[in-house]
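# An overview of the molecular structure
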Amino acid sequence: MPKNPVAHESQAAARLAELTAEAMYSRDAASRLIGLQIISVRPGYSRMSMVVRPDMVNGHHICHGGYLFTLADSAFAYACNAYNRNTVASACHIDFLAPAAEGEVLEAECEERSRAGRTGVYDTTIRNHNGKVIALFRGKSYRIAGEVIAGLEAEEARPASAGPAISRVEGNPQ
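Report follows, based on the coordinates. Predicted model, so just to flag it, every value in this text is computed and none were measured.

Bringing the overall build of the protein into the picture now. Looking only at helices and strands, one finds 4 helices and 8 strands in the protein. Ordered by position in the sequence, the α and β elements of the protein form the string α-α-β-β-α-β-β-β-β-β-α-β. Expressed as a percentage of the 174 residues in the protein, the buried residues total 39%. For the protein, the proportion of contacts with a sequence separation of at least 24, taken over those separated by at least 6, is 63%. For the protein, the accessible area works out to roughly 9400 Å², and carbon and sulfur atoms hold 54% of it.

Rendered as structure tokens:
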């Protein structure tokens with residue numbers, strides 16, 4: 001038994017979040033298409049970045065709101081799925097506060113505010129490279145059946161003497 005079981009549980013939860021994010025990202029064609037990068041993830045939290053490319057600006061030559069929403073929504077998805085439980089959005093809202101220019105590096109930081117039963121509330125803040133807040137996003141989550149990586153938690157809990165477990169990756173939860 002570990003000397004500090006709380007620390008061990010925290011490390012295991014963080015590792016589960018990382019593995020879940022890796023599995024999701026490998027199947028997340030939309031996030032990869034626009035160049036989103038995962039900076040960090042842990043249970044109920046994620047940070048992602050995006051560079052505003054020339055093909056992401058609108059007729060006012062600022063970042064199109066749809067790309068900002070996608071960045072925030074993706075950060076939300078990684079935060080609420082970090083428990084390896086398939087979780088989808090039930091509602092989202094975004095407030096655009098300032099424009100983002102071509103070439104800017106944006107970061108979206110998502111934090112869990114509440115999680116009970118099958119639902120959760122998550123807030124995402126998008127900032128530019130100077131720390132200026134570009135947008136505020138609130139997402140409400142709903143947990144559906146299944147795991148992002150089927151059997152992962154059970155496999156990690158298996159004693160080494162039990163032999164290898166067979167696991168499979170399920171489809172994208174969204």
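Now that the structure has been shown, the text picks up again.
Time to look at the pairing of strand 6 (residues 133-143). As paired elements, strand 3 (residues 87-96) and strand 6 share 9 bridges and run antiparallel to each other. For aspartate 95, the partnering residue across the bridge sits in strand 6 and is leucine 136. With 9 bridges joining them, strand 5 (residues 119-127) and strand 6 adopt antiparallel strand pairing. Among the inter-strand pairings, aspartate 123 is bridged to a residue of strand 6, identified as arginine 138. Here strand 5 hands over to strand 6 after 5 residues, with glycine 131 in that stretch at a positive phi of 90°.

The topology assignment puts glutamate 22 in helix 1 (residues 5-27). For the pair glutamate 22 and tyrosine 78, spaced 56 residues apart in sequence, the C-alpha to C-alpha distance is 9.8 Å.

Enumeration over the complete set of coordinates arrives at 9 salt bridges. A salt bridge links glutamate 18 to arginine 15; its shortest N-O distance comes to 3.4 Å. Within this pair, glutamate 18 and its partner arginine 15 are both found in helix 1, separated by 3 residues, close to a single helical turn. The exposure class of glutamate 18 is partly exposed, given its relative accessible area of 35%. A residue is classified by how much of its surface remains accessible, and arginine 15, at 40% relative accessible area, is partly exposed. Beyond isolated ion pairs, a larger network of salt bridges with shared partners links Glu111, Arg113, Asp123 and Arg138.

This part is about unusual backbone geometry. With a phi angle near 60°, histidine 61 is a residue other than glycine that sits in the positive phi range. Mapped onto the secondary structure, histidine 61 falls in the loop between strand 2 (45-51) and helix 3 (65-80). Backbone geometry places asparagine 84, a non-glycine residue, at a positive phi of 65°. Relative to the elements of secondary structure, asparagine 84 occurs in the loop between helix 3 and strand 3.

A few words on the packing of aromatic side chains. Aromatic ring pairs are described here by two measures, namely the spacing of the ring centres and the angle between the planes. The final tally for this structure, using the stated rule, is 3 aromatic pairs. Where phenylalanine 69 meets phenylalanine 137, the ring centres are 5.3 Å apart and the plane angle is 70°; that geometry is what we call edge-to-face. Of this pair, phenylalanine 69 sits in helix 3 while phenylalanine 137 sits in strand 6, placing them 68 residues apart in sequence. Residue phenylalanine 69 is classed as partly exposed on the basis of its relative accessible area, which comes to 29%. Its relative accessible area of 3% is what places phenylalanine 137 among the buried residues. With a centroid separation of 5.8 Å and an interplanar angle of 55°, the aromatic rings of phenylalanine 76 and phenylalanine 137 are classed as tilted. Taken together, the positions of phenylalanine 76 in helix 3 and phenylalanine 137 in strand 6 put the pair 61 residues apart, joining distant regions of the chain. For the residue pair phenylalanine 76 and phenylalanine 137, the accessibility class agrees, reading buried in each case. What links up through ring pairs into an aromatic cluster is the set Phe69, Phe76, Tyr122 and Phe137. Lying across the ring of tyrosine 45, arginine 42 places its NZ or CZ 3.8 Å from the centre.

The rules behind these values
Residues numbered from 1 in each chain as written. Predicted model: local features only at pLDDT ≥ 70, side-chain atom pairs only at ≥ 80, totals over all residues. Heavy atoms only, no water. Helix = DSSP H or I, 4+ residues; strand = E, 2+ residues; numbered from the N terminus. Buried < 20%, exposed > 50% of the residue type's maximum accessible area, 1.4 Å probe, protein only. Contact = heavy atoms within 4.5 Å. Areas by Shrake-Rupley, 256 points an atom, 1.4 Å probe, with all protein chains shown as cover. Pairing = 2+ DSSP bridges. Salt bridge = Lys/Arg side-chain N within 4 Å of Asp/Glu carboxyl O. Phe/Tyr/Trp six-rings, centres within 6.5 Å; stacked < 30°, edge-to-face > 60°. Lys NZ or Arg CZ within 6 Å of the ring centre and 35° of its normal.

All we've got here are geometric facts, nothing functional implied.
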